Amino acid sequence: DAGVIQSPRHEVTEMGQEVTLRCKPISGHNSLFWYRQTMMRGLELLIYFNNNVPIDDSGMPEDRFSAKMPNASFSTLKIQPSEPRDSAVYFCASSHFLGLAGGRTAQYFGPGTRLLVL
Amino acid sequence: RKEVEQDPGPFNVPEGATVAFNCTYSNSASQSFFWYRQDCRKEPKLLMSVYSSGNEDGRFTAQLNRASQYISLLIRDSKLSDSATYLCVVNFSNDYKLSFGAGTTVTVRA
């Protein structure tokens, strides 16, 4: 089975440009997560979707960041305008949530997008 | 206090040695526990879930101590390929959120 798919794998852009990161979760998973990882701050949860609906976006750093999930097999994370401090590895992960009584399976991560904003 | 704390290491061990390290968590209502490994410039990958009674997966043994709120990972007969950062991951109250530790770095030398 295919795992979580992310594109692009690498992105180099200039400050002020729009950046769009893409993710295809594992088929059948109903939860999707966007994370950011840096050496200084480790792994940070940005936003979480359940059944395509954003549940918690409290980790989104500011209004320059937005995320969408138009259907169960696709999500985007957009940064507009991008800044050098956005440079990081952005991971998408998916899992299957069985409800509060049923618990959750582990999250499975995509290979990440390595973003460098100059 | 961080929700999940790990000794960052590094743990430098020779091939064939046993290495073990712990992770503490702050929320006593925590429900699910996992160990992930992350190789340099790669994504975190699930190594194993941690069950209440403890569990083994080959050379890896995970233990949970709810009373003291820690989990442990033991690696027997270390291989060079075990060199990685091991992330302790805790799920509180079966909701969606996983809390990740900062990771413990293990380096196995020939």
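Here the structure is shown first, and the text comes after it.
Here we summarise the structure given alongside this text. Here the structure is a predicted model, which means the values were calculated and not measured.

**Regarding the side chain of A:Thr76**
Residue and element names in this part refer to chain A. Tracing the sequence through the fold places Thr-76 in strand 8 (residues 74-79). The buried category is assigned to Thr-76, whose relative accessible area is 15%. Not counting residues up to four positions away in its chain, the partners in contact with Thr-76 are Thr-20, Leu-21, Arg-22, Trp-34, Ser-66, Ala-67 and Lys-68.

**Things to note about the interface of chain A and chain B**
Taken together, the 20 residues of chain A in the interface contact 14 residues of chain B. Summed over both sides, the interface between chain A and chain B buries roughly 1500 Å², with carbon and sulfur atoms accounting for 59% of that surface. Where chain A touches chain B, the interface holds 0 salt bridges. The tally of links from chain A across to chain B stands at 2 residue pairs in polar contact (both at pLDDT 80 or more). Every element with two or more residues in the side of chain A that touches chain B is listed here: strand 4 (31-38), strand 5 (42-50), strand 6 (53-56) and strand 10 (108-109) of chain A.

**So, the pairing of strand 8 (residues 70-75) of chain B**
Residues and elements named next belong to chain B. The pairing of strand 3 (residues 19-25) with strand 8 spans 6 bridges and is classified as antiparallel. Counterpart to Ala-20 in the pairing with strand 8 is Leu-74. Across 6 bridges, strand 7 (residues 60-65) lies against strand 8 in antiparallel orientation. Across the sheet, Ala-62 pairs through a bridge with Leu-73, a residue of strand 8. Where strand 7 hands over to strand 8, the hairpin turn is made up of 4 residues, of which Gln-69 adopts a positive phi near 55°.

**Quick word on a nonpolar patch on the surface**
All names here are of chain A. On the surface, Val-12, Leu-116 and Leu-118 cluster together into a nonpolar patch covering about 300 Å² of accessible area. The residue Leu-116 is located in strand 11 (residues 113-117) in this model. The exposure class assigned to Leu-116 is partly exposed, which follows from its relative accessible area of 41%.

**Brief notes about the nonpolar core**
If you look at soluble globular proteins, the nonpolar side chains tend to sit buried side by side. If you look at the biggest cluster of nonpolar residues, it comprises 25 residues, and the most contacted ones within it are B:Phe21, B:Trp35, B:Ile71, B:Leu73 and B:Tyr86. Going through the elements one at a time, strand 3, strand 4 (30-38), strand 5 (44-50), strand 7, strand 8, strand 9 (84-92) and strand 11 (104-109) of chain B are the ones with two or more residues in this core. For this core, the leading source of residues is strand 9 of chain B, giving 5 residues. A:Cys23, A:Met60, A:Ile79 and A:Cys92 belong to the second largest nonpolar core, which has 21 residues in total.

**Looking at the packing of aromatic side chains**
Taken as a whole, this structure holds 13 aromatic pairs over all chains when the rule is applied. The interplanar angle of 35° and the centroid separation of 5.3 Å between the aromatic rings of A:Tyr35 and A:Phe109 together place this pair among those described as tilted. Here A:Tyr35 is found in strand 4, whereas its partner A:Phe109 is found in strand 10, with 74 residues between them in sequence. Both rings, one in A:Phe109 and one in B:Phe100, keep their centres 5.8 Å apart while their planes meet at 85°; by these two values the pair is edge-to-face. A residue pair is termed interchain when its members come from two chains, as with A:Phe109 in strand 10 and B:Phe100 in strand 10 (residues 98-100). Grouping residues by exposure puts A:Phe109 and B:Phe100 together as buried. Each residue in the set A:Phe33, A:Tyr35, A:Tyr48, A:Phe91, A:Phe109, B:Phe34, B:Tyr36 and B:Phe100 is aromatic and connected to the rest through ring pairs, giving one cluster.

**Considerations on the state of the cysteines**
All names here are of chain A. One pass over the full model with this rule turns up 2 disulfides over all chains. A disulfide bridge connects Cys-23 with Cys-92, and the sulfur atoms are separated by 1.9 Å. Looking down the S-S bond of the Cys-23 and Cys-92 bridge, the torsion is -65°, so its handedness is left-handed. Placement of Cys-23 in strand 3 (residues 19-24) and of Cys-92 in strand 9 (residues 88-95) is noted, with a sequence separation of 69 residues between them. Judged by relative accessible area, which is 0%, Cys-92 ranks as buried.

Rules used throughout
- Residues numbered from 1 in each chain as written.
- Chains lettered and ligands numbered in written order.
- Predicted model: local features only at pLDDT ≥ 70, side-chain atom pairs only at ≥ 80, totals over all residues.
- Heavy atoms only, no water.
- Helix = DSSP H or I, 4+ residues; strand = E, 2+ residues; numbered from the N terminus.
- Buried < 20%, exposed > 50% of the residue type's maximum accessible area, 1.4 Å probe, protein only.
- Contact = heavy atoms within 4.5 Å.
- Buried area = accessible area lost by both parts, 1.4 Å probe.
- Salt bridge = Lys/Arg side-chain N within 4 Å of Asp/Glu carboxyl O.
- Polar contact = N/O pair within 3.5 Å; in protein donor to acceptor, adjacent residues only side chain to side chain.
- Pairing = 2+ DSSP bridges.
- Patch = residues over 30% accessible without salt bridge, like charges linked within 9 Å, V, L, I, M, F, W, Y side chains within 5 Å.
- Areas by Shrake-Rupley, 256 points an atom, 1.4 Å probe, with all protein chains shown as cover.
- Core = buried A, V, L, I, M, F, W, Y, C linked by side-chain atoms within 4.5 Å.
- Phe/Tyr/Trp six-rings, centres within 6.5 Å; stacked < 30°, edge-to-face > 60°.
- Disulfide = S-S within 2.5 Å.

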